[in-house]
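# Examining the three-dimensional arrangement
The chain contents come next:
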Amino acid sequence: EEARRASEDRFHFLVKNASDVIAVIDAAGILKYVSPAEEATSGFRADEMIGKSIRDIIHPDDLDLTLQAFQAAMAQPEKIHRHECRHVHKTRGWIPVEIVGQSFLAEPAVKGVIASVRDVSLRRKAEEEMAQQLDELRRGHDAMLDHKDRIAKLKQEVNDYARRLGEPPPYSDADTPAC
């Protein structure tokens, strides 16, 4: 009995202090359990989320795909499912989240899908910044190539003028593109 109690205490401590939200969602899509991390993630206390439907917390534009992912999780309990969508936030509107879930509907102690929900706002912001930097690098690269081509064409024109004047071309053929 003491070992079981210690194991339960350890489990509750881990769930209470996890940075990801842990939720149990029943077959109807209703939140039956939400860990305390919900408040840090969405601004809502865990008790404010219990009894809400998936439909209440997922952005309308993401709802169909999220419900499909939920149905897939219930249909394939042996598989872990991942999905990204937007989750309601108490003061910021919507936040991007990654949901990792697995069905335990047949497990009497759970009777639902266990989902781990992680705010991916910082990751998304970093991805957007990297995409912008990559765009800038590509534009710079294209400008440099364009500049290099213009210089090569100018050298070719100077060589052509020199030949017309009967002078040796000042630039070697290696410096000018083949026509």
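Anyway, here's the lowdown on the structure attached to this text.

Calculation rules
Throughout, residues of each chain are indexed from 1 in the direction in which the sequence is written. Residue-level local features of this predicted model are given only where pLDDT is at least 70; pairs of side-chain atoms are given and counted only at 80 or more, and the full residue set underlies all totals for whole chains, interfaces and linings. The side-chain quantities take in all heavy atoms of the structure and omit both hydrogens and water. Residues grouped as a nonpolar core are buried Ala, Val, Leu, Ile, Met, Phe, Trp, Tyr and Cys residues, joined through side-chain atoms within 4.5 Å. We call a residue buried when its accessible area falls under 20% of the maximum for its residue type, exposed when it is over 50%, and partly exposed in between, using a 1.4 Å probe and counting protein chains only. Should any heavy atoms of two residues lie within 4.5 Å, those residues are counted as being in contact. Here, any two strands with at least 2 DSSP bridges between them count as paired. We count a stretch as a helix when DSSP gives it H or I for four or more residues in a row; a strand needs E for two or more, and each element gets its number in order from the N terminus. In this analysis an axis means a line fitted to C-alpha atoms, helices contributing only their contacting stretch, and an angle means the value between N-to-C directions, from 0 to 180 degrees.

Bringing the nonpolar core into the picture now. Within soluble globular proteins, side chains that are nonpolar generally end up buried alongside one another. In this structure, Leu-31 and Ile-54 are the most contacted members of the largest nonpolar core, which totals 24 residues. Not counting residues up to four positions away in its chain, the partners in contact with Ile-54 are Ile-25, Gly-29, Leu-63, Thr-66, Leu-67 and Phe-70.

So, on to the sheet that holds strand E1 (residues 21–25). Read across the open sheet, the 5 strands follow the order E2-E1-E5-E4-E3; overall the sheet is antiparallel. Edge positions in the open sheet fall to strand E2 (31–34) and strand E3 (81–89), since each of these has one partner strand only. The mean inter-strand angle of the sheet, taken between neighbouring strand axes irrespective of direction, is 30°. As paired strands, strand E4 (residues 93–104) and strand E5 (residues 112–119) are joined by 8 bridges and run antiparallel to one another. Residue pairing in the sheet places Gln-102 in a bridge with Ile-114 of E5. Across the sheet, helix H6 (residues 121–164) lies against E3, E4 and E5, angled at about 120° from E4, the strand it touches most.

On the secondary structure map, His-59 appears in the loop between helix H4 (54–57) and helix H5 (60–75). Residues in contact with His-59, not counting those within four places in the same chain, are Arg-86 and Trp-94.

It is worth spelling out unusual backbone geometry at this point. With glycine set apart, most residues show a phi of negative sign, and most peptide bonds adopt trans. Its identity is not glycine, yet Lys-111 carries a phi of approximately 50°, on the positive side. Tracing the backbone through its elements, the reader meets Lys-111 in the loop between E4 and E5. Among the residues examined, Lys-111 registers a relative accessible area of 56% and is labelled exposed.

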